[in-house]
Amino acid sequence: MTVRNGRSPALAELTAFLTGNGVATPKLPEFLLVLAELPLGRTGEICHRTLTRLAAACLGR
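A brief look at the structure comes next. This structure is a prediction, so every number in the text was calculated from the model and none was measured.

### Focus: the overall build of the protein
The helix and strand inventory of the protein stands at two helices and zero strands. In summary, the protein has a C-alpha radius of gyration of 14 Å against a globular reference of 10 Å for 61 residues, an excess of more than 25%. Its C-alpha atoms give the protein principal-axis dimensions of roughly 40 × 30 × 20 Å. Here the protein holds 61 residues, and the buried ones make up 8% of them. Taking contacts inside the protein between residues at least 6 apart in sequence as the whole, the part at least 24 apart equals 12%. For the protein, the computed accessible surface area is about 5300 Å², with 55% contributed by carbon and sulfur atoms.

The following block contains the structure:
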């Protein structure tokens, strides 16, 4: 998602929005990681490996 006005939504806000738009409970996020930009690989695509490492580090895993 793109953050507007420099304010990131809280997890509760995001969950409420998604629930209100019909997203099933098992598909709701468990945590929210806000990044200035997505990590990109050499080809310019999102680097999922780096993204996974960043999320794991934030969760202490």
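### Re helix α2 (residues 48-59)
The end-to-end C-alpha separation of α2 is 16 Å, in line with the 16 Å expected for twelve residues at 1.5 Å each. Counting buried residues along α2, only one of its twelve residues qualify, which leaves the element largely exposed.

### Details of a nonpolar patch on the surface
On the surface, L35, L38, L40, I46 and L54 cluster together into a nonpolar patch covering about 400 Å² of accessible area. Among the structural elements, L40 can be located in the loop between α1 (11-20) and α2. Note on L40: relative accessible area 54%, which makes it exposed.

### Let's talk about the environment of G44
Looking at the element boundaries, G44 is found in the loop between α1 and α2. With a relative accessible area of 45%, G44 lands in the partly exposed category.

### Some words on the environment of A36
Tracing the backbone shows A36 in the loop between α1 and α2. A36 sits 24 residues away from A12 along the chain, and the two C-alpha atoms are 20 Å apart.

### Some thoughts on the state of the cysteines
Counted according to the given criterion, the structure contains zero disulfides. Left without a disulfide partner, C47 is nearest to the cysteine sulfur of C58, which lies 15 Å away. The class of C47 is partly exposed, set by a relative accessible area of 22%.

About the cut-offs
Residues numbered from 1 in each chain as written. Predicted model: local features only at pLDDT ≥ 70, side-chain atom pairs only at ≥ 80, totals over all residues. Heavy atoms only, no water. Helix = DSSP H or I, 4+ residues; strand = E, 2+ residues; numbered from the N terminus. Rg over C-alpha atoms; globule rule 2.2 N^0.38 Å. Buried < 20%, exposed > 50% of the residue type's maximum accessible area, 1.4 Å probe, protein only. Contact = heavy atoms within 4.5 Å. Areas by Shrake-Rupley, 256 points an atom, 1.4 Å probe, with all protein chains shown as cover. Expected span 1.5 Å × (residues − 1). Patch = residues over 30% accessible without salt bridge, like charges linked within 9 Å, V, L, I, M, F, W, Y side chains within 5 Å. Salt bridge = Lys/Arg side-chain N within 4 Å of Asp/Glu carboxyl O. Disulfide = S-S within 2.5 Å.

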